[in-house]
Amino acid sequence: MSKIEWNENTFSKFAYLSDPRISKDGKKVAYVLTKANLKDNKYENTIVVEELEKYGRKFIENASMPRFSPSGKKITFVRANEEKKTAEVWLYDLSSMSGKKVLEAKNILDVSWNEDDRRILITGFKRRDDEDFVFEDDVPVWFDAKGFFDGEKTTFWIVDTESEEVLEEFDAERFSSAIWHGDAVIYNVPHRMDGKLQFFKFYDVYLYRDGESEKLFEGVSYAAVHSNGELVLLYGKPKKEKRSEHNFFYLWDGKDVKPLTEQFVYNNGGGKLDEKGNLYFTIAKEGKISLYKLEGETLTPIVEDNSWVMDFDVSGDGKVVLLKETDTRLRELYLWDGELKQITDYNGPIFAKLKTRPIRHFRFKSLDLELDGWYIKPDIKEGEKAPVIVFVHGGPKGMYGYYFKYEMQLMADKGYYVVFVNPRGSNGYDEDFALRVLERTGLEDFQDILNGVEEFFKLEPQADRERVGITGISYGGFMTNWALTQSDVFKAGVSENGISYWLTSYAFSDIGLWFDKEVIGDNPLENENYKKLSPLFYAKNVKAPLLLIHSLEDYRCPLDQSVMFYHVLKDLGKEVYIAIFKRGAHGHSLRGSPRHRAKRYKLFMEFFERKLKKYEEEFDVEKILKACYNKKEE
C-alpha cells in the first residue's frame, strides 16, 4: 500500500468537519464539510445532510451554517455571493432539494428558526461603508478578522420564509447576539460603563417582542445562549472582576436565576437545553474537552476519554450529535443516544496511509504546582539523538492536550521530539490556576515551561539538549520572543504573531484596552510591567537565530510587534528573519488561504531543519519557497 508523506501540503488531503446540527426529532443531522483546494487556492464548503434511520446523504455545495426547521422538513443555509461580496440566506425543501433565496445582506453572523417553522431570526451587522474613509467615536476602531468597525451596529432581522419579507428589524451595539425565546427574542448587548463598551465582561440582556424592548438584566457577566421555549440558559457568571475568570451555566425561569454548573470547578464550554430542560455542556479539564449531560443533580458523561469535543448539537428528545478529535485523528461526527457511535470516517483512508504518533503524558513539579506535559517521540535509532521543538500554546488561557496538531505531527515525522506543557495561566484547571499568570506573564509561567522541558529530558535520554527549538503563536509567540531573551536553552525559535512590547500592544491591539490591562497591569503609561515584561528591552541577550512570522491583517497582536523586534535585533547584529503574510488575520495559521498555509508550513519546517539539523548560517527563502509557488496538489 502506497504511503502518504508528511509535508507542507499534507493538510490539503484531509476533510474538515464543522457546525454539526441535528433536527428536533433526532432523525437528521447536517454538518459542513470543508476541503482545501491548493490548485485554485480556495476552500470548498459543502453541507452534508444525513438520514439517521435510513442511510442517505444529500449535498448542498458552496454552503455553510446549516439550520433545520423545527419540523425537520426544511433547512436554511448561508451562501457567499463572491461577485457581489454579499451573503445570501437560502431555504431548501429537504424532500425535493429545491430552494429559494430569502434574504441577502453584506454581513451575516447567525440564523435560527422560530418554533412556528416559518420565521427565522438573522443576526448580522451594518457599517457606514463610505468608500473613502472610516469614522469612529468609540473604541476599539478595529477588530481582528473584521477590520475597521466604521460605526458598526449589530442588526437583527425577523424574516418570514414564506413571503420572503422582513417582518421586523432592529439594531444594537456591536458584538450583540440573540436567541429565540418562544415568540420573543432575547438579545445580549455589551454594557456601557463610563461611556465605554465592556466587551466580553458585562452585558445588558433584553427581551424584544412586537417592536418593544424590555431590559431583563443590567451589567451582568452572563449572556443568554439558548432557550427551550420556557427556560433560558445563561453562560458566564453573575459578576466578573476579571475576564480571565471561568464561565459556568445558569438557568433563568423568568423570575429567578439558578446556578447549574459552578460546583464542577473547571471552565465550561458550549451549552444547550433539551425540551425537558436538561443541560448538555462541555468542560475543559487537564488537556481534555469532555461532554456531559446534567439532569437534575445527575451528571452523565457522554464523552470523557482522551479527546476534544469540538462542537455539538442536541435534539428535542436528547440525542446528541458531536465532533470528536484525538491526538492522532482529526474530528469526525458521532451520535450519542445513550451510547456513542461514530457516523463519519472521512479521514480514515488518509490516516491508513499516513503515520501519526500518539502523545505521551507526564506530570512534573514546577515551583508550587504539579503540572501536565506531553511529548511525541520520533522514529529514532538506538544510540542516536534527536533534536527537540518546544511548543507554547496561545492565550495565556489556552490549553494543550488530546487534539490533532498538524505542525506537531509534521515535525515528529521529520525526526524531532515535540514537547508541550500547560503552564500556569492555562485553561483546563481551577480558576485560581488561570489567574496566577496575571501581571506576571513571562515569569513563573516561563519557569513552568523550562521545568517541563527539564523533566522531559529525564524521560528521554535520546533527546539532544544542544538542539532545542521553541515556537508558538500569539501568547506562544510572545513566549518564544521572551525565551530567547531570558535563556540559552533554546538554539532556534519561530515566533508567530507574538508580542514584543506590551505598551504598544495595549494601545494598538483590538483587545489591548482591556486584555493587556488585565494580563500586564493597570495604568499602562506608568506601570513598570509594560517594559519589564516586554522582550524588546532584552533584545541584546538573544543568541539563537529567530524567524518571525506575522500576518499584515492581524489586529489582535498587530504587525508592529514583530517589526519592532526584527528591527532592533537586526540593528544589534542578531540573526533574525521576518516573513510577513500580506493577507490573513490573527488566526492565519489555520484560516489563511491554502497556498498561504502551505508556504507557512514550509517556512516553519525548513527553518528548524536548517538551524537544528544542518547548522546553516543563512536562510535562503527564495530557494526554500521555490517549490511552493504555483505548486499543484500532489
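Residues numbered from 1 in each chain as written. Predicted model: local features only at pLDDT ≥ 70, side-chain atom pairs only at ≥ 80, totals over all residues. Heavy atoms only, no water.

Some details on the pattern of salt bridges
- What the rule picks out here adds up to 58 salt bridges.
- A salt bridge links Glu295 to Lys293, with the shortest nitrogen-to-oxygen separation between them at 3.7 Å.
- Glu295 sits in the partly exposed class, given a relative accessible area of 42%.
- For Lys293, a relative accessible area of 15% corresponds to the buried category.
- Note that Glu407 and Lys405 form a salt bridge whose closest N and O atoms lie 4.0 Å from each other. (Salt bridge = Lys/Arg side-chain N within 4 Å of Asp/Glu carboxyl O. Buried < 20%, exposed > 50% of the residue type's maximum accessible area, 1.4 Å probe, protein only.)

Digging into the pairing of strand 4 (residues 57-61)
- When strand 3 (residues 42-51) meets strand 4, the two strands line up antiparallel, connected through 5 bridges. Counted as the bridge partner of Glu50 is Arg57 from strand 4.
- Counting the residues that bridge the hairpin from strand 3 to strand 4 gives 5 residues. (Pairing = 2+ DSSP bridges. Helix = DSSP H or I, 4+ residues; strand = E, 2+ residues; numbered from the N terminus.)

Considering unusual backbone geometry
- Residues Val139 and Pro140 are joined by a peptide bond in cis, for which omega reads -5 degrees.
- As for its placement among the helices and strands, Pro140 is situated in the loop between strand 10 (119-126) and strand 11 (142-143).
- Unusually for a residue other than glycine, Met97 sits at a positive phi of about 55 degrees.
- A relative accessible area of 24% means that Met97 is categorised as partly exposed.
- Even without being a glycine, Leu367 presents a positive backbone phi close to 55 degrees.
- Structurally, Leu367 can be placed in the loop between strand 32 (360-366) and strand 33 (369-376).

Topic: the sheet that holds strand 19 (residues 203-209)
- The strand order 15-16-19-20-21-22-23 describes an open sheet built from 7 strands, whose pairing is antiparallel. Two strands close off the open sheet at either side, each with one partner strand: strand 15 (177-181) and strand 23 (257-259). Here the average twist between neighbouring strands, direction ignored, is 40 degrees.
- Where strand 21 (residues 232-237) meets strand 22 (residues 248-252), 5 bridges bridge the pair, whose relative direction is antiparallel. Looking at the pairing, Val232 lines up with Trp252 of strand 22. (Axes fitted to C-alpha atoms, helices over the stretch in contact; angles between N-to-C directions.)

Notes on the packing of aromatic side chains
- Scanning all chains against the criterion turns up 57 aromatic pairs.
- Ring plane angle 85 degrees and centroid distance 5.8 Å describe the contact between Phe149 and Phe175, whose orientation is recorded as edge-to-face. With Phe149 in the loop between strand 12 (147-148) and strand 13 (153-160) and Phe175 in the loop between strand 14 (165-172) and strand 15, the pair connects residues that are 26 residues apart, well separated along the chain.
- Look at Phe149 and you get buried, because its relative accessible area is 0%.
- Owing to a relative accessible area of 24%, Phe175 belongs among the partly exposed residues under this scheme.
- With a centroid separation of 4.5 Å and an interplanar angle of 45 degrees, the aromatic rings of Tyr406 and Tyr601 are classed as tilted. Taken as a pair, Tyr406 in helix 2 (residues 406-413) and Tyr601 in helix 11 (residues 594-613) lie far apart in primary sequence, 195 residues in all.
- Joined through ring pairs, the aromatic side chains of Trp6, Phe11, Phe14, Tyr16, Phe351, Phe404, Tyr406 and Tyr601 make up one cluster.
- The aromatic ring of Phe125 is capped on one face by Lys146, whose charged end is 3.9 Å from the ring centroid. (Phe/Tyr/Trp six-rings, centres within 6.5 Å; stacked < 30°, edge-to-face > 60°. Lys NZ or Arg CZ within 6 Å of the ring centre and 35° of its normal.)

Points about the sheet that holds strand 39 (residues 576-581)
- Taken in spatial order, the 8 strands of this open sheet run 32-33-35-34-36-37-38-39, and their pairing is mixed. Of all strands in the sheet, those with a lone pairing partner are strand 32 and strand 39, marking the two edges. Here the strands of the sheet are splayed against their neighbours by 20 degrees on average, with no regard to which way each runs.
- Taken together, the 6 bridges between strand 34 (residues 386-392) and strand 36 (residues 463-473) define a ladder with parallel strand orientation. Along strand 36, the bridge assignment pairs Phe391 with Thr471.

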